[in-house]
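Structural overview for review
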Amino acid sequence: MQLVISSLIALLAFPIAYIACALTKHTGVVDAPDGKRKQQAAPIPRLGGVGIAVAIGLVTGGLALAHSILPELMNGGDWFPGPVALVVIALAASLLLFGIGVCDDVFGMSAQVKLVLVTMVCLAAPLLGVSAGALETPFGDVTAPAVMIAGSALWLIVFTNAANFMDGSNGLSLGSMAIMLAGLGAAHMTAADVQFPIGLMAIIAALIGFLVHNMRGTLYAGDCGAFGVGGLFATLALVSNLPVWTIATLALPFLIDVLMTLVLRGRNGNAWFEAHTDHAYQVLRHTGSSHWDVALIWWGLSLTCAIGAVIAVSGGGALPFIVFWVMAVSLSFCWIVVQRQARDQLTRERNG
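I will try to describe carefully the structure that is included in this document. (Residues numbered from 1 in each chain as written. Predicted model: local features only at pLDDT ≥ 70, side-chain atom pairs only at ≥ 80, totals over all residues. Heavy atoms only, no water.)

1. Comments concerning the overall build of the chain
Along the backbone of the chain there are twelve helices and two strands. Counted from the first residue to the last, the chain has its helices and strands arranged as α-β-β-α-α-α-α-α-α-α-α-α-α-α. Radius of gyration (C-alpha) of the chain: 20 Å, near the 20 Å computed for a compact globule of 352 residues. Across the 352 residues of the chain, 48% fall into the buried class. Considering only contacts in the chain between residues 6 or more positions apart, those separated by 24 or more positions represent 75%. For the chain, the computed accessible surface area is about 15700 Å², with 70% contributed by carbon and sulfur atoms. Of the charged side chains in the chain, 14 are positive and 17 negative, and the gap between their average positions amounts to 13 Å. (Helix = DSSP H or I, 4+ residues; strand = E, 2+ residues; numbered from the N terminus. Rg over C-alpha atoms; globule rule 2.2 N^0.38 Å. Buried < 20%, exposed > 50% of the residue type's maximum accessible area, 1.4 Å probe, protein only. Contact = heavy atoms within 4.5 Å. Areas by Shrake-Rupley, 256 points an atom, 1.4 Å probe, with all protein chains shown as cover. Lys, Arg positive; Asp, Glu negative; His and termini not counted. Charge placed at Lys NZ, Arg CZ, Asp CG, Glu CD.)

So, in structure tokens, the structure goes:
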């Protein structure tokens, strides 16, 4: 029964998202090239995140209505990973992040103001319970509430902003997050011995509906899409009761590129909030890789990390800790290689 419902959810969410995203192209809200981070040839509609949100809202809302009328419909299955009360808070926080993104997409907002607003939401959510319960390490578990709340807030701030930073090449950010959400669901299935949460299925199907437009270069998710979907993954991961290292492993393709880029810019004396093209995916685009090339690389990395996370959580013990650090070191090495090869290529081009 659960498999049938999940399939129906996917079949509903995909076309609704596709149609809703198509309609957002007529809002007049566009992303104009600026010669810096935004290097597309022409203005592109940028409210794809609204179409995604409409699809998720309609499908999950309809599901909730159907469940209230026929409680046996769900057959005991999970909607989202985690306790209902905490899932509601997680969804509310994601909706607020989505709203901040909409305001920025439509009216414009300085990077500093946007960061303050996002930080406020990311601080409030852990205080209301959207927080990891423990940080398991081979040397003992960290469970101090103040530490876990602060760490969870930092995680939310870092990942939601990382999702936005990585949204600069068609399909990369939202496609990778669809895989991360699938990995989250698979890890939850493995750890809790339950079926795949159908709410996650709705989100993933909606993202695929958006990607049909995005991979053609005709629609961007905008900050509303990056912050909204980033918030969904980050908050739902916290309430899933999965090991922190498993959650972080799923997010590694974003975390490594963003954190290594911040280190690079800090070492070079560059401002963090200034528009730039220093991310590894931007370097690859600048040196000739297509949007499809870059998207496939990050989708592959996300899938690899998702598989590693599921294997680690199934093994238990210290394995999530070990897998995280092995993959983190490996991806960091790959990031350095990409940057060095790009620098060498640009040097050869300048020298003729």
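From this point, the narrative continues.
2. Brief notes about the packing of helix H5 (residues 145-165) against helix H9 (residues 244-267)
Between H5 and H9, the least distance of the axes is 9 Å, while the angle of their chain directions is 55°. When the interaxial angle is binned, H5 and H9 end up oblique. Pair H5 / H9 crosses with left-handed handedness. On H9, the residues that touch Trp-155, Val-158, Phe-159, Ala-162, Ala-163 and Phe-165 of H5 are Ile-247, Ala-251, Phe-254, Leu-255 and Val-258. Class assignment for the residues of the contact of H5 with H9 results in eleven nonpolar, no polar and no charged. (Axes fitted to C-alpha atoms, helices over the stretch in contact; angles between N-to-C directions. Parallel < 35°, antiparallel > 145°, perpendicular 65-115°, else oblique. Left-handed = near helix turned anticlockwise from the far one by under 90°. Nonpolar A, V, L, I, M, F, W, Y, C, P; charged D, E, K, R; others polar.)

3. Looking at a nonpolar patch on the surface
Side chains of Val-113, Val-116, Leu-117 and Met-120 sit close together on the surface and give an oily, nonpolar patch of about 330 Å² of accessible area. With respect to the helices and strands, the residue Leu-117 is situated in helix H4 (residues 111-127). (Patch = residues over 30% accessible without salt bridge, like charges linked within 9 Å, V, L, I, M, F, W, Y side chains within 5 Å. Salt bridge = Lys/Arg side-chain N within 4 Å of Asp/Glu carboxyl O.)

4. Section: the environment of Leu-128
Its location among the elements puts Leu-128 in the loop between H4 and H5. Between the C-alpha atom of Leu-128 and that of Leu-236, which follows or precedes it by 108 residues, the distance is 14 Å. Ignoring any residue separated from it by four or fewer positions in sequence, one finds Leu-128 in contact with Leu-86 and Ile-89.

5. Some thoughts on the side chain of Ser-152
Note that Ser-152 resides in helix H5. A polar atom in the side chain of Ser-152 sits 2.8 Å from the backbone oxygen of Met-148. Setting aside residues up to four positions removed in sequence, Ser-152 forms contacts with Pro-126, Val-130, Ser-131, Ala-132 and Leu-238. (Polar contact = N/O pair within 3.5 Å; in protein donor to acceptor, adjacent residues only side chain to side chain.)

6. Some details on the packing of aromatic side chains
If you walk through the whole model with that rule in mind, you get eleven aromatic pairs. Consider the rings of Tyr-281 and Trp-298, whose centres lie 6.4 Å apart with planes at 85°: the pair is edge-to-face. Separated by 17 residues along the polypeptide, Tyr-281 in helix H10 (residues 280-286) and Trp-298 in helix H11 (residues 291-315) bring together distant segments of the chain. You'll find Tyr-281 and Trp-298 in the same group, each marked buried. On the numbers, 5.0 Å between centres and 80° between planes, the contact of Phe-324 with Trp-325 is edge-to-face. Judged by relative accessible area, which is 43%, Trp-325 ranks as partly exposed. (Phe/Tyr/Trp six-rings, centres within 6.5 Å; stacked < 30°, edge-to-face > 60°.)

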